[in-house]
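Observations on the three-dimensional arrangement
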Amino acid sequence: MTRVSRGFSYTMQKDAVSGISADVVFASTWFPKYRFGSDNQIQEIKESPKLSSMKEMVVKETAILLKQQQRLSVRDLANKFEKGLAAAAKLSDEARLQEAASLEKHVLLKKLKDALEALKGRVAGRNKDDVEEAILMLEALAAQLTQREDELIQEKAEVKKLAAFLKQASEDAKRLVDEERAFARAEIEDARAAVQRVEEALQEHERMSKASGNQDLDELMKQVQEARRIKMLHQPSRVMDMEHELQALRIQLAEKSKHSLKLQKELATCKKGDKLMAGFYEMDGSESLGSCLRISPLDGAPDLLDCTIQWYRSTPGNSEKELITGANKSTYAPEPFDVGRILLADISADNMTITVTSGPVDPAPGLGNYVEALVRRHETEFTVVVIEVNGKDHSQESIHVLHIGKMGMKLRKGKSVTAKEYYSSTMQFCGIRGGGTAAIQTAYWQAKTGLSFILAFESDRERNTAIMLARRYALDCNIVLAGPGDAAAAGS
């Protein structure tokens, strides 16, 4: 066996490697590391951890884009597809670079194999075996490189398909963006036209308002001028003089009315032949609704405590008298049923009877119009004080509310209902008959047989309003509402 010296072997290897290195341009500054695996297969040792292949990255990105397509806007979708297209172009460039690097690897392996073949003829022994083993490794490495190139070609084809798909999707997205932009522009134009129409309508309304406002202003100025003219015609001093004259005439008319009333009473007494007896008593008070009439004794007349008194009502021009049940006191407060009638009081003492007569009872000013206004309502409330219940005093928690409605009357205390009845022939409602000056504010209400109340109102106007209103509602129900023993109640 020929033994090769160390110096010769080192010189041969150096010359061979130097020749190869001079003709090859490496794509990188490092050379991959290999090792023998099972079945003498050459495996490349990777220093970095396993990374996703280019195909997997593109597929993953495409899946994410397709998943987000439903919830992205058209503009965002177009941007995403453009980014994907750029990524696909970048990956294609990387594939071309890898293809170039693979070509350089083939050239390098071929030159290296040629160098080893030349070296094989020059060495012998163990070195020759090493060279043969290196040649086998180069052949296996060339086979793996060829297989890897085939895989890269397939991946490149798939990448091109994905790039074409992304390009088409990007074009579709751009088309959708253009369509949406055109649709938005059309809507904007419609909105502008609508705004313009509204502005024109507002301007027209303003013009009409200004025109009507000018007309109203002209009319107002005419009214002001007319008022000034009237004011110039009627100076304040002249108006005050006229008011003083009217006040004086009213006073004189009231005095004349009292004097005339007194003369009428004396004339009526003379006609009945009771002139001597009538001189014992006289009737005081205004003969109108809301006032109180009182019988006063004159000098030498018997005391009223020793006399029996009974009040009557009569129609002017009729000698018949109607008994007022319960009116047996020296005072009497006329009620709405007495309006337009004459009131008489018979005073009996020492087997003689004296009759005192009043004139026709006048209505309260404005009360009729007030009641007519209340009739339009469904119900009216009055605050009252319950004085008596069934003839017995009622002092505890006596403040109640009286409801007068179209179908009936109700008396309540808070939410508790004391009495509630519909209008019927057994119901009675009238002013109290007797009881001093407080009688003008007091009324008697019999809700039904066995249940009666004496109610005090806040004023005489409220009492008379309640009586008139209840009788009006009852008359609409074909019921005549009056007091105890009245002819109207008996006739009903």
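To start, this report covers the structure provided alongside it.

Parameters at a glance
Residues numbered from 1 in each chain as written. Predicted model: local features only at pLDDT ≥ 70, side-chain atom pairs only at ≥ 80, totals over all residues. Heavy atoms only, no water. Salt bridge = Lys/Arg side-chain N within 4 Å of Asp/Glu carboxyl O. Helix = DSSP H or I, 4+ residues; strand = E, 2+ residues; numbered from the N terminus. Buried < 20%, exposed > 50% of the residue type's maximum accessible area, 1.4 Å probe, protein only. Phe/Tyr/Trp six-rings, centres within 6.5 Å; stacked < 30°, edge-to-face > 60°. Pairing = 2+ DSSP bridges. Polar contact = N/O pair within 3.5 Å; in protein donor to acceptor, adjacent residues only side chain to side chain. Contact = heavy atoms within 4.5 Å.

1. Some remarks on the pattern of salt bridges
Applying the stated criterion across every chain, the model contains twelve salt bridges. A salt bridge links Arg341 to Glu322, with the shortest nitrogen-to-oxygen separation between them at 3.0 Å. Placement of Arg341 in the loop between strand 7 (331-332) and strand 8 (342-349) and of Glu322 in strand 6 (residues 322-323) is noted, with a sequence separation of 19 residues between them. Here Glu335 ties to Arg471 by a salt bridge, and the two come within 2.7 Å at their closest N and O atoms. In this pair, Glu335 sits in the loop between strand 7 and strand 8 while Arg471 sits in helix 8 (residues 460-476), placing the two residues 136 residues apart along the sequence. Classification of Glu335 as buried rests on a relative accessible area of 1%. The buried category is assigned to Arg471, whose relative accessible area is 13%.

2. Observations concerning the packing of aromatic side chains
Taken as a whole, this structure holds three aromatic pairs when the rule is applied. Ring geometry for Trp311 and Tyr332: centres 5.4 Å apart, planes at 25°, overall stacked. With Trp311 in strand 5 (residues 308-314) and Tyr332 in strand 7, this pair connects stretches of sequence that are 21 residues apart. A centroid spacing of 6.1 Å and a plane angle of 75° characterise the contact between Phe382 and Phe457, whose relative ring orientation is edge-to-face. Of the two residues, Phe382 is situated in strand 10 (residues 379-389) and Phe457 in the loop between strand 17 (451-456) and helix 8; the sequence distance between them amounts to 75 residues.

3. So, the sheet that holds strand 6
Taken in spatial order, the four strands of this open sheet run 6-5-8-9, and their pairing is antiparallel. Both edges of this open sheet fall to strand 6 and strand 9 (352-360), since each of them pairs with a single strand only. One ladder, built from seven bridges, connects strand 5 with strand 8; its direction is antiparallel. Bridge pairing in strand 8 links Ser314 to Ile342.

4. Points about the sheet that holds strand 3 (residues 281-284)
Read from one edge to the other, the open sheet built from three strands follows the order 3-4-7, with strand pairing classed as antiparallel. At either margin of the open sheet sits one strand with a lone partner, and together these are strand 3 and strand 7. Relative to strand 7, strand 4 (residues 293-297) runs antiparallel, the two sharing two bridges. Within the sheet, the bridge partner assigned to Leu293 lies in strand 7 and is Tyr332.

5. A word on the side chain of Gln310
Its place among the elements puts Gln310 in strand 5. One polar contact links the side chain of Gln310 to the main-chain carbonyl oxygen of Ile324, over a distance of 2.9 Å. A distance of 3.5 Å separates the side chain of Gln310 from the backbone oxygen of Ala327, its partner in a polar contact. Setting aside chain neighbours within four positions, we find Gln310 in contact with Leu323, Ile324, Ala327, Asn328, Leu344, Ala345 and Asp346.

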